[in-house]
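Structural characterization, general
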Amino acid sequence: MVQLLSLEVEAREEVGKRRNRRLRQSGKTPAVLYGHKKEVVNLAVATDLLQAALRHGSRFVRLTGAVTERAFIKEVQWNTWGDVALHVDFTRVSEHEHVQLSVPVVLRGEAPGVKDGGVVKQHLHKIEIETEPTSAPEQIVVGINELEFNGSIRIADVPVPEGVKFLIDPETLVVECSEQVEIDETVEEGSEAEPEVIGRKKEAEEEE
């Protein structure tokens, strides 16, 4: 059985952007708990503990304090730089209940096709999966060490982590190594010249 990380939470009576801002300034992150057709509960959790849980990769947690629930970190709203959690959604789950979520797709390795003049182009950055909370991965890693020039990797080629189901067409393109498309500078120069001609025509009409 997976050891659950505990997060102590407190009830949050006041809501709204201004109150949430003050809450964050006090070292706490606003949160909400929902699911299982029970009431939605507004909560607050210590920001440092939440950040530690997220860095640890914990998605399945035990909430204590204002509520006592098994919960899954369903969604996190980050700041502009992606290093501070601004809001977190918890959803109630049982240990073996299946959940659906979106996780990032991360490339690992170096594609040999780059040496032949190719450029690695990642087409899929997130993937929807279904899994038990205790088996939920933080990311799906796609190895590109065997990606040759004009080669590609589709969902069907990606190893599926144990206990995980991909909710996407197996033929979906994940990444490819293809020739770099060069921009025709002549066309660009021509497109920039057109507004200048229009501008001169307008000035001539005003003078007349």
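It is worth spelling out the confidence of the model for the chain at this point. Within the chain, residue pLDDT values average 85, and 85% of them lie at 70 or more. Per-element mean pLDDT across the chain ranges from 49 in helix 3 (residues 185-207) up to 97 in strand 11 (residues 151-154). Counted against residues more than four places away or in other chains, residues 195-208, with its pLDDT under 50, gives 0 contacts.

As a further point, take the environment of Val 76. Within the fold, Val 76 resides in strand 5 (residues 69-78). Here the alpha-carbon distance between Val 76 and Leu 54, two residues 22 residues apart in the chain, equals 9.5 Å. Leaving out residues up to four positions away in the same chain, Val 76 has contacts with Leu 54, Ala 85, His 87 and Val 88.

Membership of the largest hydrophobic core comes to 24 residues, with the highest contact counts inside it found for Ile 127, Ile 129, Leu 147, Ile 153, Val 158, Phe 166 and Val 174. Breaking this core down by element, the ones donating at least two residues are strand 7 (99-108), strand 9 (126-131), strand 10 (140-143), strand 12 (164-166) and strand 13 (173-179). Ranked by the residues each element gives to this core, the list is headed by strand 7, at 4 residues. Residues within four places of Phe 166 in sequence aside, it is in contact with Ile 127, Glu 128, Ile 129, Ile 140, Ile 155, Val 158, Pro 159, Val 160 and Pro 161.

Within the closed barrel, the 6 strands sit side by side as 1-3-2-6-5-4. Their pairing is mixed. Shown here is a sheet whose adjacent strand axes are inclined to one another by a mean of 45°, direction ignored. Across the face of the sheet, helix 1 (residues 17-25) comes into contact with strand 2 (28-34), strand 3 (41-46) and strand 6 (85-92) while running at roughly 120° to strand 2. Relative to strand 3, helix 2 (residues 47-56) is tilted by about 85°, and along the sheet it contacts strand 1 (5-11), strand 2, strand 3, strand 5 and strand 6.

This brings us to the pattern of salt bridges. Taken as a whole and judged by the stated rule, the model has 2 salt bridges. Glu 10 is paired through a salt bridge with Lys 28; the nearest N and O atoms lie 3.0 Å apart. One end of the pair, Glu 10, is in strand 1; the other, Lys 28, is in strand 2, with 18 residues separating them in the sequence. With a relative accessible area of 35%, Glu 10 lands in the partly exposed category. One salt bridge in this structure joins Arg 92 and Glu 69, with 3.1 Å as the shortest N-O distance. Taken together, the residues span a long stretch of sequence, with Arg 92 in strand 6 and Glu 69 in strand 5 at a distance of 23 residues.

In a beta sheet, neighbouring strands are held together by backbone hydrogen bonds and run either parallel or antiparallel to one another. Across the sheet, 3 strands lie side by side as 8-13-11; this open sheet has antiparallel pairing. One side of each edge strand has no neighbouring strand; the edge strands of this open sheet are strand 8 (118-122) and strand 11. Across the sheet, the mean angle from the axis of one strand to that of its neighbour is 15°, orientation sign disregarded. Relative to strand 13, strand 11 runs antiparallel, the two sharing 4 bridges. Its bridge partner being in strand 13, Arg 154 is matched across the sheet by Leu 173.

This brings us to helix 2. Restricting attention to buried positions, one finds in helix 2 the residues Thr 47, Leu 50, Gln 51, Ala 53 and Leu 54. Down the axis, helix 2 shows its buried residues gathered within 160° of arc, on one side only. Counted as exposed and oriented over 90 degrees from the buried face of helix 2: Asp 48, Arg 55 and His 56. Looking at the buried positions of helix 2, the neighbouring elements they touch are strand 1, strand 2, strand 3, strand 5 and strand 6.

The rules behind these values
- Residues numbered from 1 in each chain as written.
- Predicted model: local features only at pLDDT ≥ 70, side-chain atom pairs only at ≥ 80, totals over all residues.
- Heavy atoms only, no water.
- pLDDT = per-residue confidence, 0-100.
- Helix = DSSP H or I, 4+ residues; strand = E, 2+ residues; numbered from the N terminus.
- Contact = heavy atoms within 4.5 Å.
- Core = buried A, V, L, I, M, F, W, Y, C linked by side-chain atoms within 4.5 Å.
- Buried < 20%, exposed > 50% of the residue type's maximum accessible area, 1.4 Å probe, protein only.
- Pairing = 2+ DSSP bridges.
- Axes fitted to C-alpha atoms, helices over the stretch in contact; angles between N-to-C directions.
- Salt bridge = Lys/Arg side-chain N within 4 Å of Asp/Glu carboxyl O.
- Arc of directions from axis to C-beta.

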